[in-house]
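Letter by letter, the chains look like this.
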Amino acid sequence: MKGDKNVDIQALKDMANKLRIDSIVATNASKSGHPTSCASMAEIMSVLFFHTMRYKVSAPRDPSADRFILSKGHAAPILYAAWAEAGLFPVDELKNLRKLDSDLEGHPTPRLSFVDVGTGSLGQGLAVAAGMAYVGKYFDQTPYRVYCLVGDGEAAEGSIWESLHFASHYKLDNLVVIFDINRLGQSEPTSLQHQMDIYDARLKAFGLNSIVVDGHDVSELVKAFDEAASVTGRPTAIVAKTYKGRGFPGIEDAENWHGKALGAEGEKIIKHLQSQIKNSSLSLKPRAPVAEAPAVHIADISLSSPPSYKKGELVATRLAYGTALKKIADTNMRVIALDGDTKNSTFSDKLRNAYPERYIECFIAEQNLVGVATGAACRDRAVVFASTFAAFFTRTFDQIRMGAISQSNINLAGSHCGVSIGEDGPSQMGLEDLALFRAVPTATVFYPSDAVSTERAVELAANTRGICYIRTSRPNTAVIYNNDEVFKVGQAKIVRQSGADRVLLLGAGVTLHEALAAAAALHQEGIEARVMDPFTVKPLDEAAVLKHAKAVGGRVLVVEDHYQAGGLGEAVMSALAMERDVIVKHIFVRGVPRSGPPTALLDMFGLSAPHITAAAKTLLNA
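Residues numbered from 1 in each chain as written. Predicted model: local features only at pLDDT ≥ 70, side-chain atom pairs only at ≥ 80, totals over all residues. Heavy atoms only, no water.

Caption draft 1: Examining the sheet that holds strand 1 (residues 67–70) more closely. Read across the sheet, five strands follow the order 1-2-3-5-4 without closing on themselves; strand pairing throughout is parallel. The open sheet has two edge strands with one neighbour each: strand 1 and strand 4 (209–214). Taking each pair of neighbouring strands and ignoring which way they run, the sheet shows an average axis angle of 20 degrees. Of the pairings in the sheet, the one linking strand 3 (residues 175–181) to strand 5 (residues 236–241) comprises six bridges and is parallel in character. When the sheet's bridge partners are listed, Ile178 is paired in strand 5 with Ile238. (Pairing = 2+ DSSP bridges. Helix = DSSP H or I, 4+ residues; strand = E, 2+ residues; numbered from the N terminus. Axes fitted to C-alpha atoms, helices over the stretch in contact; angles between N-to-C directions.)

Dropping the structure here:
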């Protein structure tokens with residue numbers, strides 16, 4: 001391709017039609033897919049991949065290269081086609097789309113070397129792109145750019161507008177969001193259809209440099225992307241008016257073609273598209289990145305100093321989380337914290353106060369918070385910790401689920417779990433969070449019970465692949481471990497035992513302390529109880545649970561500040577399900593709670609030491 005001032009417009013037009021043909025061939029081979037959704041963005045992809053973006057075909061995820069996020073993931077075939085035409089793999093491989101033995105899945109996932117995150121659950125790609133752009137501008141300080149293509153259907157998702165606000169607030173001028181306004185949704189036209197003035201006005205109101213273009217005019221697209229590269233102080237939105245099924249006679253701009261292979265119609269349309277191509281022997285090549293991103297080291301993260309507490313000292317685990325976060329930031333400049341305006345409650349402000357340039361305030365937009373965290377962690381550019389109240393991660397479950405599909409390494413900390421938060425009431429109580437994170441296949445779930453174990457949980461999470469969740473509590477709890485205690489993922493701790501133990505009590509967080517108080521009360525009555533701290537709920541130390549359950553004669557009592565479904569109790573019961581002569585009793589929060597003092601609520605819902613004591617006696621008589 002010729003230099004920027006003499007762009008070969010016809011070559012880019014020809015490439016757009018080649019991408020359309022590739023998308024038809026791929027979807028016809030799989031007898032499924034979204035060729036019409038691909039067709040509307042063909043010129044956009046041609047200009048991006050063969051004029052605008054700087055990247056390496058030899059290293060698709062090179063940290064120095066421009067990034068591209070296909071938020072409308074159902075248009076995956078044209079993304080695959082672009083990389084194939086760029087030379088990453090043979091174009092003929094596109095015929096393996098959606099086959100079981102192929103990584104060219106129906107929607108993009110990072111099984112592919114050129115995909116950073118999984119997309120397809122709509123409305124999420126822009127948050128990831130914003131996280132990437134933030135890292136590029138403020139941490140890497142390298143001129144790579146981030147491009148995100150959003151469908152007009154998914155523009156109805158509130159998370160898109162959360163991300164636009166974030167990108168504008170932080171002046172992410174290295175971010176370009178392209179809206180493919182092709183008018184048609186899955187089942188009917190979109191609400192705004194082709195009212196480009198409304199899109200333009202909304203984007204300008206959000207502080208973006210908005211450029212409305214004919215999305216099928218290569219010259220306009222080239223000019224718009226070149227303009228975006230020169231804009232400073234704000235992100236650019238390219239609002240492209242397009243037509244679904246563009247270039248498909250009889251199908252273009254027609255309803256009821258969403259998500260359908262063209263079948264026999266496809267052969268006729270391919271011939272038509274081939275007739276539009278002036279030069280079938282194109283040799284367009286991408287340009288190399290402008291500058292190298294700095295080398296970073298994000299392994300072997302450690303606390304700058306060991307825990308320093310006195311046994312019996314009362315310290316909230318949420319406070320210890322903040323202390324540990326600052327300590328690992330001391331030792332690695334790529335440790336960053338994000339929060340949703342709860343930093344003085346989660347204590348992520350400890351990192352912010354020490355290293356303000358490594359803290360990202362995401363405000364009260366939790367879906368964007370998790371999406372930005374996912375983007376910031378891409379290509380191993382940062383060790384990311386995002387925190388808010390445990391209850392508020394429930395609204396981000398889709399982002400967390402997609403984070404697992406994306407093979408993301410993010411650390412999430414949820415504070416204020418359970419009824420033990422007290423007077424704030426049920427809307428603030430995380431009572432479903434363990435169920436949420438236990439259901440995520442790549443998740444490690446930490447539930448530390450004192451300040452020492454919390455600090456070590458943060459250190460371990462920083463070094464653990466996948467999604468890590470740290471559940472912290474609001475009340476002060478006693479330090480029970482020595483400062484030099486060694487903790488490992490999947491390794492439980494026995495915090496009270498004797499040779500005469502007759503029942504095993506399991507608790508975590510505040511309920512571990514209630515279990516210890518109950519064990520002391522049982523001792524006064526001549527009944528010995530063993531007490532276990534699981535430390536990680538997932539993976540649960542199933543071998544230890546089984547060993548100690550048998551050691552006490554098969555009587556196990558689990559108490560947790562969480563609803564019944566999906567929490568610690570069900571994890572324990574699953575571990576012991578095939579064991580004969582083992583009985584498990586489970587105490588949990590029954591029903592929707594209410595406001596009240598923490599101790600009163602623990603007692604009301606049967607989680608306090610007297611209730612544990614009574615339940616243990618009942619269990620021993622079973």
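Caption draft 2: Representation of the pairing of strand 4 within the structure. Relative to strand 5, strand 4 is paired through six bridges, and the arrangement is parallel. Counted as the bridge partner of Ile211 is Ile238 from strand 5.

Caption draft 3: Examining the pattern of salt bridges more closely. A complete count under the given rule lists 28 salt bridges for this structure. Notably, a salt bridge pairs Lys56 with Glu292, separated by 3.7 Å at the nearest N-O pair. With Lys56 in the loop between helix 3 (42–52) and strand 1 and Glu292 in the loop between helix 9 (264–276) and strand 6 (314–316), this residue pair connects regions lying 236 residues apart in the sequence. What makes Glu292 exposed here is its relative accessible area of 58%. As a salt-bridge pair, Glu252 and Arg246 come within 3.1 Å of each other at their nearest N and O atoms. The exposure class of Arg246 is partly exposed, given its relative accessible area of 28%. (Salt bridge = Lys/Arg side-chain N within 4 Å of Asp/Glu carboxyl O. Buried < 20%, exposed > 50% of the residue type's maximum accessible area, 1.4 Å probe, protein only.)

Caption draft 4: Expanded view of the pairing of strand 11 (residues 443–446). Of the two faces of strand 11, both are covered, the one formed by Ala443 and Val445 as well as the one formed by Thr444 and Phe446. As judged from the four bridges shared by strand 11 and strand 12 (residues 467–471), these two strands associate in the parallel manner. Its bridge partner lying in strand 12, Phe446 is registered against Ile470. Regarding the hand of the β-α-β motif, the stretch spanning strand 11, helix 16 (residues 451–462) and strand 12 is right-handed. With two bridges connecting them, strand 11 and strand 17 (residues 536–538) associate as antiparallel partners. In the sheet register, Phe446 faces strand 17, and the bridge partner there is Thr536. (Right-handed = clockwise from strand over helix to strand, strands pointing away.)

Caption draft 5: Main features of the nonpolar core. The biggest cluster of nonpolar side chains holds 83 residues, and the ones touching the most others in it are Phe179 and Leu338. The element best represented in this core is helix 5 (residues 125–140), accounting for nine residues. Leave out the neighbours within four places in its chain, and Phe179 touches Val150, Ala155, Ile160, Leu164, Leu203, Ala237, Ile238, Val239 and Ala240. Ranked by size, the runner-up nonpolar core spans 63 residues in total, among them Val335, Ile470, Val503 and Ile527. (Core = buried A, V, L, I, M, F, W, Y, C linked by side-chain atoms within 4.5 Å. Contact = heavy atoms within 4.5 Å.)

Caption draft 6: Broad picture of helix 7 (residues 196–205). Where helix 7 is concerned, the buried positions are Met196, Tyr199, Asp200 and Leu203. Around the axis of helix 7, the buried residues are gathered within 100 degrees of arc, so they sit on the same side. Across helix 7 from its buried face, at more than 90 degrees, point the exposed residues Asp197 and Ala205. Looking one or two places after helix 7, you find Gly207, whose phi comes out positive at around 90 degrees. (Arc of directions from axis to C-beta.)

Caption draft 7: Just the UniProt feature "domain: Transketolase-like pyrimidine-binding" (unreviewed entry) in the chain, in detail. Sequence positions flagged by UniProt for "domain: Transketolase-like pyrimidine-binding" (unreviewed entry) are, in local numbering, residues 315–479. Secondary structure within residues 315–479 divides into 39% helix and 21% strand; the distance between the first and last C-alpha atoms comes to 7 Å. (UniProt positions renumbered as here; feature names shortened; annotations may be inferred.)

Caption draft 8: Seen up close, unusual backbone geometry. Here the bond from Lys538 into Pro539 is cis, since omega is -5 degrees, no more than 30 degrees from zero. Its identity as a non-glycine residue notwithstanding, Asp380 has a phi of 55 degrees, on the positive side. Along the chain, Asp380 turns up in the loop between helix 13 (366–377) and strand 9 (383–389). Take Asp380: its relative accessible area is 35%, and that puts it in the partly exposed class.

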